[in-house]
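Tertiary structure, described
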Amino acid sequence: MSKETLGFQAEVKQLLQLMIHSLYSNKEIFLRELISNASDACDKLRFEATQHADLYEGDGELNIRVSFDKDARTVTIADNGIGMRRDEVVANIGTIARSGTKEFFSQLTGDAAKDSHLIGQFGVGFYSAFIVADKVTLTTRRAGETHATRWESLGDGEYTLEDVEKAGRGTEIVLHLKEGEDEFLNDWRLRSVITRYSDHINLPILMQKAAEHDDEGKALPSSGEWEAVNQANALWTRSKSEITDEQYKDFYKHVSHDWDEPLTWSHARIEGRQEYTELLYIPKRAPFDLYERERRHGVKLYVKRVFIMEDTEKLMPQYLRFVRGVIDSANLPLNVSREILQQSRDVDAIRTGCVKKVLGLLEDLRDNRPDDYAVFWQEFGKVLKEGIGEDFANKDRLAGLARFASTANEGSEQNVSLADYIGRMKEGQDAIYYITADTFAAAQHSPHLEVFKKKGIEVLLLSDRVDEWFTSSLTEFEGKKLQSVAKGELKLDAFADEAEKQQQEAAETEFKTVLDKVKTTLDGQIKDVRVTTRLTDSPACLVVENHDMSANLERLLKSAGQDVGGAKPILELNPGHPLVQKLKSELEGERFGDWTHLLYDQALLAEGGQLDDPAGFVKRLNGLMLAMQH
Ligand code: ADP
Ligand code: MG
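Just so it is clear, the model here is predicted, and its values are computed rather than measured. (Residues numbered from 1 in each chain as written. Chains lettered and ligands numbered in written order. Predicted model: local features only at pLDDT ≥ 70, side-chain atom pairs only at ≥ 80, totals over all residues. Heavy atoms only, no water.)

Points about the sheet that holds strand β11 (residues 276-282)
- Ordered in space as β10-β11-β14-β12-β13, the five strands form an open sheet in which the pairing is mixed. A strand with exactly one partner marks an edge of an open sheet, and here the two such strands are β10 (264-270) and β13 (306-311). Geometrically, the sheet is characterised by an average inter-axis angle of 15° between neighbouring strands, direction not taken into account.
- When β11 meets strand β14 (residues 324-329), the two strands line up antiparallel, connected through six bridges. Within the sheet, the bridge partner assigned to Y281 lies in β14 and is R324.
- Against the sheet, helix α2 (residues 29-49) touches β12 (299-303) and β13, its axis set at about 105° to β13.
- Where helix α10 (residues 345-368) meets the sheet, its contacts fall on β10, β11 and β14, and the angle it forms with β11 comes to roughly 40°. (Pairing = 2+ DSSP bridges. Helix = DSSP H or I, 4+ residues; strand = E, 2+ residues; numbered from the N terminus. Axes fitted to C-alpha atoms, helices over the stretch in contact; angles between N-to-C directions. Contact = heavy atoms within 4.5 Å.)

Right under this line is the structure:
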């Protein structure tokens, strides 16, 4: 095929612009990105060659070569990895066919420093070449193919493609440096960038031996010999004592595509039936695609140091999908396919072990670095809470890691553990009380909390979507029941004095006929009506039975399009409230129905519910307001 000119996808253009402007202060990362791609390409070849050894074409020594040409003002990065076919070049370079692209663009702020983090996470690797180059020429031949492809672009809006010849397989990228970027035409500079960012790359990164100098300081012609600049052994295979924190952190940035440092990590060699090495990291910040169905990154699986795949499902459960790192198995077969992995009991065993490790890591963070744990919880708490329903075996450990907002706090910060709560439980209290609502404000101001405030009993305020799921899966912690304050009959007898109990009984008798009439009036809307002990300031509230779905969950499911025939609520009336007294005095009057509906409707509104007939509500309210004037 002859030379053709193609246009970049609109997103790529936008990304290029952004990158050139946001990443300018950190431009040396282009080298890290291109080396990382070269290393991925070698990993892919090594993996494919486990099935088709002839792909090596007689050259099994995989490496990456970095060189520069002062006169031509070019820097070249070449690998003898898998290479690309013409169609692969078009698919991989020039388009961004990724889920989350939209999301990514919507998160950009225009603030270069903030955006550079996002760009880093998004992994725009290849395009970073244009931070320093105004022309990039990529020549590539896929292993086993005869023809090669040349891709060239000025980074504006277009690129050209043509068929060419290339002796060695793999990819060569020539960067024609922009004016002013000559600092990269320097042996020492390139070497220091490579050692800084790419020391842990698993295969040799070669540069030509520096030219010797003669007695007068003139450079002698270079010998043309290549030497490795990096250590070229997989970091995780080294022993812990030989690895500095800096190296661990740099490696994290490499495997995670994150720009931040990790919060913490665990590195261990596991012996036994399954032998493997794990190096697992907890990031500091959530990736932009944490809630996308198709995520880009996960944990990388190696078998005897051969990269097999990056997995987002099999190696870690969903609720630990933020974990990054490497698992290197010593006994899985090298030619495992994805399909086999999906079924493999051995992989299950590795996963179980790794989950334990991660939970241990989090517990350690919680116990020894509370400030960092708070950062972790802020970023990943919602995701971790999903685990309660997913991972039965680790339920208790997960419950122990959970943090909540609480009436014992001023604000919405989630920093109360179930253990803290139990430690503060009152004499005679036998349950952990919580409320769920769809916003923090709705939880904090719920009428259901009134009696708890009065008695000084702490209530956990849950307003994350996942909390409904969490509380339906966790019913007990350390022998204490979790009890919603909006469910069932409150059993606060232990906190009521004699006088209160008598009052309650008296109220029940006094309101008997009122309650009967309310029940008939609201027939079809409520299951029952009773006198409450929950309220001090509000006239009415709604509760559901212990085993019924909470009103909040019902709303969540409905808003997600699920047709749920939720349970009818129970209306509770506060006998001490003037409006409820008023209702009683209207027992024989013509406005009893209006008062009843109004009390029901406002109870529904107070807990964030929606009225079936808002216009009817307004009409009744207006009617009663006018009636009051007389
Ligand atoms: P990422 O590495 O995160 O996938 P990049 O922008 O760095 O994103 O690279 C895009 C794609 O281009 C890679 O996924 C790969 O398919 C292809 N690619 C880039 N560099 C090379 C290379 N040296 N050899 C083979 N393929 C490459
Ligand atoms: Mg890349």
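Some details on a negative patch on the surface
- A surface patch of like charges, here negative, comprises E489, D497, E498, E505 and E508.
- Within the secondary structure layout, E498 lies in helix α17 (residues 498-510).
- Residue class for E498 comes out exposed when judged on its relative accessible area of 53%. (Patch = residues over 30% accessible without salt bridge, like charges linked within 9 Å, V, L, I, M, F, W, Y side chains within 5 Å. Areas by Shrake-Rupley, 256 points an atom, 1.4 Å probe, with all protein chains shown as cover. Salt bridge = Lys/Arg side-chain N within 4 Å of Asp/Glu carboxyl O. Lys, Arg positive; Asp, Glu negative; His and termini not counted. Charge placed at Lys NZ, Arg CZ, Asp CG, Glu CD. Buried < 20%, exposed > 50% of the residue type's maximum accessible area, 1.4 Å probe, protein only.)

Digging into the domain arrangement of the protein
- Per the domain assignment, the segments of the protein are domain 1 (4-211), domain 2 (241-370), domain 3 (407-485) and domain 4 (494-629).
- Using only C-alpha atoms to locate each centre, domain 2 and domain 3 end up separated by 34 Å. (Domains from an automatic or database assignment.)

Observations concerning the packing of helix α20 (residues 578-585) against helix α21 (residues 592-606)
- Between α20 and α21, the least distance of the axes is 9 Å, while the angle of their chain directions is 150°. Taken as axis vectors, α20 and α21 run roughly antiparallel relative to one another. For the pair α20 and α21, the crossing hand works out as left-handed. Taken together, the residues of α21 that come into contact with α20 (itself represented by L579, K582 and L583) are F592, W595, T596, L599 and Q602. (Parallel < 35°, antiparallel > 145°, perpendicular 65-115°, else oblique. Left-handed = near helix turned anticlockwise from the far one by under 90°.)

Observations concerning the site of ligand 1
- N37, D79, N92, F126 and R296 are the nearest of the 15 residues found near ligand 1.
- Here an oxygen atom of ligand 1 and a side-chain polar atom of N37 are 2.7 Å apart.
- In the model, a nitrogen atom of ligand 1 is placed 2.9 Å from a nitrogen or oxygen of the D79 side chain.
- Coverage of ligand 1 by the protein chains reaches 87% of its 530 Å² of free accessible surface. (Near = heavy atom within 4 Å. Polar contact = N/O pair within 3.5 Å; in protein donor to acceptor, adjacent residues only side chain to side chain.)

Some points on unusual backbone geometry
- Of note, the phi angle at R73 is positive, near 55°, even though the residue is not glycine.
- Summarising the element assignment, R73 is placed in the loop between β2 (64-69) and β3 (74-79).
- Phi is positive for E478, which is not a glycine, with a value near 45°.
- Tracing the backbone shows E478 in the loop between β18 (476-477) and β19 (480-484).

A few points about α10
- In this model α10 runs 35 Å from its N-terminal to its C-terminal C-alpha over 24 residues, within 8% of the 34 Å that 1.5 Å per residue would give.
- V347, I350, C354, V355, V358, L359, L361, L362, E363 and L365 are the residues of α10 that are buried.
- Each element contacted by the buried residues of α10 is listed here: β10, β11, β14, α9 (338-343), α11 (370-390) and α12 (395-401).
- One side-chain oxygen at the N-terminal end of α10 lies 3.1 Å from the backbone nitrogen of D346; it belongs to S344. (Expected span 1.5 Å × (residues − 1).)

A closer look at the environment of G589
- Along the chain, G589 falls in the loop between α20 and α21.
- Remark: the alpha-carbon pair of G589 and D516, spanning 73 residues in sequence, is separated by 15 Å.

Some words on the sheet that holds β3
- The sheet built from nine strands is open, its strands ordered β1-β6-β5-β4-β7-β3-β2-β8-β9 with mixed pairing. At either margin of the open sheet sits one strand with a lone partner, and together these are β1 (4-7) and β9 (226-228). For this sheet, the mean inter-axis angle between neighbouring strands, taken without regard to orientation, is 20°.
- Where β2 and β3 come together, six bridges link them in antiparallel fashion. Directly across from D69, in β3, lies its bridge partner T74.

Quick look at the packing of aromatic side chains
- Evaluated as defined, the whole model comprises 19 aromatic pairs.
- Ring centres of F322 and F376 lie 5.6 Å apart, and the angle between their planes is 65°; on these two criteria the pair is classed as edge-to-face. Here the residue F322 occupies a position in the loop between β13 and β14, and F376 occupies one in helix α11, the gap between them amounting to 54 residues.
- When its relative accessible area of 0% is taken as the criterion, F322 is described as buried. (Phe/Tyr/Trp six-rings, centres within 6.5 Å; stacked < 30°, edge-to-face > 60°.)

Things to note about the nonpolar core
- Ranked by internal contacts, the top residues of the largest apolar core, which has 71 residues, are F322, F376, L384 and Y433.
- No other element matches the nine residues that α10 contributes to this core.
- Looking at which domains feed residues into this core, each of domain 2 (241-370) and domain 3 (407-485) gives three or more.
- For F376, the residues in contact, after removing those within four places along its chain, are L263, I282, F322, L362, L365, G381 and L384.
- Among the nonpolar cores identified, the runner-up in size contains 52 residues, and F8, I20, A133 and L161 belong to it. (Core = buried A, V, L, I, M, F, W, Y, C linked by side-chain atoms within 4.5 Å.)

With respect to the side chain of H448
- One can find H448 in the loop between α14 (440-444) and α15 (450-455).
- By relative accessible area, H448 is classed as buried at 2%.
- There is a polar contact of 2.6 Å between the side chain of H448 and the backbone oxygen of L542.
- With near-sequence residues (within four places) excluded, H448 lies in contact with I435, V485, A486, R534, C541, L542, V543 and E607.

Some details on the environment of F126
- Following the sequence through the fold, F126 ends up in the loop between α5 (112-122) and α6 (129-132).
- In sequence terms F126 and L34 are 92 residues apart; their C-alpha atoms lie 6.2 Å from each other.
- Leave out the neighbours within four places in its chain, and F126 touches L34, N37, I93, V136, L138, W151 and I173.

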